[in-house]
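# What the coordinates show
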Amino acid sequence: MTLKMPAPEPHILASRDNLIAKLRSIVPDGVIDRENELRPYESDGLTAYAQLPLLVVLPETVAQVSAILKLCDELQVKVVPRGAGTSLSGGALPLADGVLLGMARFNRITDIDLENRCVTAQPGVTNLAITEAVTDAGFYYAPDPSSQIACTIGGNVAENSGGVHCLKYGLTTNNILGVELVLMNGEVIRLGGKHLDSAGLDLLGVLCGSEGLLAVITEVTVRILPKPETARALLIGFAANEAAGACVAEIIGHGIIPAGMEMMDKPAIHAAEDFCQAGYPLSAEALLIVELDGTAAEVTELTSQVRAIADRCGAQSVSVSQNEAERLSFWAGRKNAFPAIGRISPDYYCMDGTIPRGKLPETLQRMQQLSASYGLRVANVFHAGDGNLHPLILYDANKPGELAKAEAFGADILRLCVEMGGVLTGEHGVGVEKRDLMPTMFDTQDLDQQQRLKCAFDPDSRLNPGKVFPTLHRCAELGRVHVHAGKTRFPHLPRF
């Protein structure tokens, strides 16, 4: 797959050996430079795009990260940060003339503070590991992307990841309290902490979802929540997508905020049921999974209300989990929808866009029209409560032209999301996948203003260049006020 990325800078390629030597003086056992050993890093979860990095370096201390970034800044070398590589938008795609900075060795939870209900972890700790560390004490970490067994908390912050419980409990940005980060010039900065809010500009909000363009995260403090007394899931089958979409709107319209509300269409239902045997109704054209949590009395009352709404919306079937094992079984199909689809198609392209909830029926109808036009099947699984779609376009990369057709189909889905009043991404990020579609949502002034923010953190655009922005300007072109040598960019922030 050919992807237009910044051309390698000759002086970097020519001085590769010197760079290797200098990096090995910082991380003696953490520099990878042989082609066969670089191969595992050539792509992230968006495997249609691949590029061998110039080098891979694997630090394990903040001091090493600082020294690596400072060296690369001095030598004018680009840097691409990488967590577990589960990004589905090409956010961790390497550069031929850039160092890939792998954070896998930062894999320790450094503090569990139950009294203040927070956990501090290094960025390489997996999402699920945080919940596992506090589950015996009756707590959990709410954001739960489907890749939670593998994706890391640092990557979650970079992409502002969500999950099936984001409707009630929020995305990553709603659940982080503080981060430690390293700027491209090697400066180490701390934003936030265990306290609820920080004074001044919301730089923590800026960092969350910045896709590795602003800084390298070396520590994250997250809030943890007490496990609810009761949690119950409902499987609600419908004869039409429109009826399921109407039920979603009715539930929210009645002031009910489920812990999670997911929707799957018929192809996804059948694939997931074959894979997990979760008890899904195979006759349904659309399936809602609605989870309610709280006190036992509250959940019982809400369950009754949701059942009544489902009946009014024409539900074909309603099943309510009778115990914890059955609740988890209901979710198992949704959580494993992506690998399940992998069993019925040689390849699939996982999209991510967001629309207003009320536009669900029309969007799904238009998507089926696009499917017929392109001659490619599509299976839909999505966070129905907040309108975050994850269409899975099925194709065969071994058939000439099918990947290009799948990409064109995906681009049309994203344009449709914007047309419906939505946005290009809900949680996967822009990366390289949606980069060239940014003008469908933002005009030139919008994009330039966003790049000015990047310039404040990374004035020479060396962190993850080629991502997010269809055109990367030099900071001077944008009228940025230059920072004098030796002057810090953020004088009021704590440094280490």
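What counts and what doesn't
- Residues numbered from 1 in each chain as written.
- Predicted model: local features only at pLDDT ≥ 70, side-chain atom pairs only at ≥ 80, totals over all residues.
- Heavy atoms only, no water.
- Helix = DSSP H or I, 4+ residues; strand = E, 2+ residues; numbered from the N terminus.
- Rg over C-alpha atoms; globule rule 2.2 N^0.38 Å.
- Contact = heavy atoms within 4.5 Å.
- Lys, Arg positive; Asp, Glu negative; His and termini not counted.
- Charge placed at Lys NZ, Arg CZ, Asp CG, Glu CD.
- Salt bridge = Lys/Arg side-chain N within 4 Å of Asp/Glu carboxyl O.
- Buried < 20%, exposed > 50% of the residue type's maximum accessible area, 1.4 Å probe, protein only.
- Core = buried A, V, L, I, M, F, W, Y, C linked by side-chain atoms within 4.5 Å.

So, about the overall build of the chain. Of the regular secondary structure elements, the chain holds 16 helices and 19 strands. Over its C-alpha atoms the chain spans a radius of gyration of 23 Å, differing by no more than 12% from the 23 Å that the globule rule assigns to 496 residues. Look at the contacts in the chain between residues 6 or more apart in sequence, and 72% of them connect residues 24 or more apart. Across the chain, the 43 positively charged side chains and the 58 negatively charged ones have centroids separated by 4 Å.

Before going further, it helps to examine the pattern of salt bridges. The tally for this structure, following the rule as stated, stands at 24 salt bridges. Note that glutamate 42 and arginine 39 form a salt bridge whose closest N and O atoms lie 2.9 Å from each other. Owing to a relative accessible area of 36%, arginine 39 belongs among the partly exposed residues under this scheme. Taking the shortest distance from any N to any O, the salt bridge between glutamate 433 and lysine 434 comes out at 2.8 Å. Under the relative-accessibility criterion, glutamate 433 is labelled buried at 10%.

Turning next to the nonpolar core. Ranked by size, the top nonpolar core spans 89 residues in total, and within it Ile236, Phe238, Leu288 and Ile393 carry the most contacts. Top contributing element to this core by residue count: helix α15 (residues 402-419), with 9 residues. The next biggest cluster of nonpolar side chains, apart from the first, holds 25 residues, and it includes Ile26, Val31, Leu71 and Leu463.

Read these as geometric descriptors, not functional statements.
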